[in-house]
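Descriptive analysis of the structure
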Amino acid sequence: MSENNKLSNSRWDKSPRFRIFIHLLAGFCFLATVDNSGLTKLIAQSLNFTQSEEITSPIISMMISAIIIVAGYFVSLKITSIVDQSSLKADYKSWIIFSLPIAYFSVVFPLVFAIQSLINPFIIK
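Now for a description of the structure that goes with this document.

Rules used in this analysis
Residues numbered from 1 in each chain as written. Predicted model: local features only at pLDDT ≥ 70, side-chain atom pairs only at ≥ 80, totals over all residues. Heavy atoms only, no water. Helix = DSSP H or I, 4+ residues; strand = E, 2+ residues; numbered from the N terminus. Buried < 20%, exposed > 50% of the residue type's maximum accessible area, 1.4 Å probe, protein only. Contact = heavy atoms within 4.5 Å. Areas by Shrake-Rupley, 256 points an atom, 1.4 Å probe, with all protein chains shown as cover. Expected span 1.5 Å × (residues − 1). Salt bridge = Lys/Arg side-chain N within 4 Å of Asp/Glu carboxyl O.

1. Examining the overall build of the protein chain
In terms of helices and strands, the protein chain carries five helices and zero strands. Traced from its N-terminal end to its C-terminal end, the protein chain shows the element sequence α-α-α-α-α. When the 125 residues of the protein chain are sorted by exposure, 29% land in the buried category. Restricting the contact set of the protein chain to residue pairs at least 6 apart, pairs at least 24 apart contribute 79%. As displayed, the protein chain offers around 8,900 Å² of accessible surface, 69% of which is attributable to carbon and sulfur atoms.

2. A look at helix H2 (residues 16-37)
Taking 1.5 Å of rise per residue, the 22 residues of H2 would be expected to cover 32 Å, and the 32 Å separating its terminal C-alpha atoms lies within 8% of that figure. Turning to H2, its buried residues number three or more, namely Arg19, Ile22, His23, Leu25, Ala26, Gly27, Cys29, Leu31, Thr33, Val34 and Ser37.

3. Some remarks on the pattern of salt bridges
For side chains of opposite charge, pairing can occur when their charged atoms come near one another. The tally for this structure, following the rule as stated, stands at one salt bridge. Salt-bridge contacts for Arg19 lead to Asp84; the nearest nitrogen and oxygen are separated by 2.8 Å. Of this pair, Arg19 sits in helix H2 while Asp84 sits in helix H4 (residues 53-85), placing them 65 residues apart in sequence. Take Asp84: its relative accessible area is 25%, and that puts it in the partly exposed class.

This is how it looks when you write it as structure tokens:
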């Protein structure tokens, strides 16, 4: 019976699966921002290797993508830990955490346009 009370008292915003979903979503939104803005192409172009570009370019892009996803994951992890440690009421904390995926999606497009306008002169076509 105490086990049923534990399950009924557990909050959805504290669920490890939900938290992992939020963090991975942040990583993929961060990746979408960087890829669509052209930063990945700029970084890959700035790294010059002596080997063939046909071989190294996809490998570099894959490594950059993995680093970006992990960075987005840890940024989201830091955001949720700040929210958890804040002195807000539990209901406010859960609404903030619930709204994070919406915020992640809504930030992608303005950031893409802002980054594109800043780096377009530097991209070699």
